[in-house]
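Overview (structure and organization)
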Amino acid sequence: MTSSDPTMLPDPWQSLHALLAAMDAEIEQVYVERGIKGVRPRFAYPLIRLAHAGPLTIRELAQSLSRSHSAISQTVAAMRKEDLVTSEPGPDARTRRINLTERGRSLVPFLEAEWRATHATVAELDSETPHAMTAVVEEVRRALEQRSMRERIHHHLAGPPQ
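1. As for the pattern of salt bridges
Within this structure, the stated rule accounts for four salt bridges. Measuring nitrogen to oxygen at the nearest pair gives 2.2 Å for the salt bridge that ties Glu138 to Arg141. Taken together, the residues span about one helical turn, with Glu138 and Arg141 both in helix H6 (residues 133-146) at a distance of three residues. Residue classification places Glu138 among the partly exposed positions, given a relative accessible area of 29%. For the salt bridge of Glu138 with Arg142, the shortest nitrogen-to-oxygen distance reads 3.5 Å. Linking Glu138 with Arg142, this pair stays in helix H6, spanning four residues, or about one helical turn. Arg142 sits in the partly exposed class, given a relative accessible area of 41%. When salt bridges that share partners are traced, they join Glu138, Arg141, Arg142 and Glu145 into one network.

In structure tokens form, the structure reads like this:
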């Protein structure tokens, strides 16, 4: 243990996490205002994909969305509780096929419209700020391709692991 608690320093991630949470809360509020209960913004991507490509196993859905199996498994469980998807045995005993319920399918046209409106909103925000969010994210991604987060952390830890 060191003499000072590093978690007492300002968290450089806090503003990004807070911004993303606030944006998601605003999107969720749009759903509530439209009378759509129990739907979270993180459900839109998999519900839309399932409408166009489903039914899919959790692995197939995760791969198609570039998300982890664990994250999609948790999202599917939450969507099942809201009667948006069903889960049935897949081609073997270890897999489950995910499909939309009637409720899930009925929400897809609105979710597609919201998806497009959200993308238009991000483009609008990019045009209103001196540093477009999408450009900054791409610049950070490129910088991390040159030198990974792991390599940078090791540098600040004073060397690679033993």
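2. Remarks on the packing of helix H2 (residues 41-53) against helix H3 (residues 58-65)
Contact geometry for H2 and H3: axes closest at 11 Å, N-to-C directions at 110°. Looking at the two axes, H2 sits roughly perpendicular to H3. Contacts between H2 and H3 involve Tyr45, Pro46, Arg49 and Leu50 from the former and Leu61, Ser64 and Leu65 from the latter.

3. Some thoughts on the packing of helix H1 (residues 14-33) against helix H5 (residues 102-128)
Orientation of H1 relative to H5, taken along the N-to-C sense of each, is 145°, at an axis distance of 12 Å. Viewed along their axes, H1 and H5 form a crossing whose handedness is right-handed. Where H1 abuts H5, its residues Ile27, Val30 and Tyr31 lie against Phe110, Leu111, Glu114 and Thr118. Of the residues assigned to the contact of H1 with H5, the class counts are five nonpolar, one polar and one charged.

4. Observations concerning the environment of Pro109
Mapped onto the secondary structure, Pro109 falls in helix H5. For Pro109, a relative accessible area of 53% corresponds to the exposed category. In this structure the C-alpha to C-alpha distance between Pro109 and Ala51, which are 58 residues apart in sequence, comes to 9.7 Å.

5. What about the nonpolar core?
For soluble globular proteins, nonpolar side chains are generally found buried alongside one another. If you look at the biggest cluster of nonpolar residues, it comprises 26 residues, and the most contacted ones within it are Tyr31, Val39, Leu47, Val85 and Leu111. Elements with a minimum of two residues in this core: H1, H2, H3, helix H4 (69-81), strand E3 (96-100) and H5. Ranked by residues supplied to this core, first place goes to H2 with five residues. Not counting residues within four places of it along the chain, the set of residues in contact with Leu47 comprises Met79, Leu84, Val85, Leu100, Val108 and Leu111.

6. Examining the packing of aromatic side chains
Applying the stated criterion across every chain, the model contains two aromatic pairs. Arranged with centres 5.9 Å apart and planes meeting at 75°, the rings of Tyr31 and Phe110 form a pair that is edge-to-face. One end of the pair, Tyr31, is in helix H1; the other, Phe110, is in helix H5, with 79 residues separating them in the sequence. The two residues Tyr31 and Phe110 agree in class, both being buried. Arranged with centres 5.0 Å apart and planes meeting at 40°, the rings of Tyr45 and Trp115 form a pair that is tilted. With Tyr45 in helix H2 and Trp115 in helix H5, this residue pair connects regions lying 70 residues apart in the sequence. When its relative accessible area of 30% is taken as the criterion, Trp115 is described as partly exposed.

The rules behind these values
Residue indices follow the written sequence of each chain, beginning from 1 at its first position. Reporting in this predicted model follows two pLDDT cut-offs: at least 70 for local features of residues, and 80 or more for side-chain atom pairs to be given and counted; totals over whole chains, interfaces and linings ignore these cut-offs and use all residues. Note that water and hydrogens are dropped before the side-chain values are worked out from all heavy atoms of the structure. By salt bridge we mean one thing: a side-chain nitrogen of Lys or Arg within 4 Å of a carboxyl oxygen of Asp or Glu. Strands here are runs of E lasting at least two residues and helices are runs of H or I lasting at least four, both read from the DSSP assignment and numbered beginning at the N terminus. Residue burial is assigned from relative accessible area. The probe radius is 1.4 Å, only protein chains are included, and a residue is buried under 20% of its type maximum, exposed over 50%, and partly exposed in between. With axes taken as lines fitted to C-alpha atoms, and helix axes fitted only over the stretch in contact, angles between N-to-C directions fall between 0 and 180 degrees. Reported orientations rely on four angle classes, namely roughly parallel under 35 degrees, roughly antiparallel over 145, roughly perpendicular from 65 to 115, and oblique for the rest. In what follows, residue pairs with any heavy atoms lying within 4.5 Å of each other are defined as contacts. Take the far helix as your reference; a near helix turned counterclockwise from it by less than a right angle gives a left-handed crossing, and one turned clockwise gives a right-handed crossing. Under the scheme applied, nonpolar residues are Ala, Val, Leu, Ile, Met, Phe, Trp, Tyr, Cys and Pro; charged residues are Asp, Glu, Lys and Arg; polar residues are all the others, including Gly. Joining through side-chain atoms within 4.5 Å is the link that ties buried Ala, Val, Leu, Ile, Met, Phe, Trp, Tyr and Cys residues into a set, and such a set is a nonpolar core. Between 30 and 60 degrees the pair is tilted, below 30 it is stacked and above 60 it is edge-to-face, where a pair is any two Phe, Tyr or Trp rings, Trp via its six-membered ring, whose centres lie within 6.5 Å.

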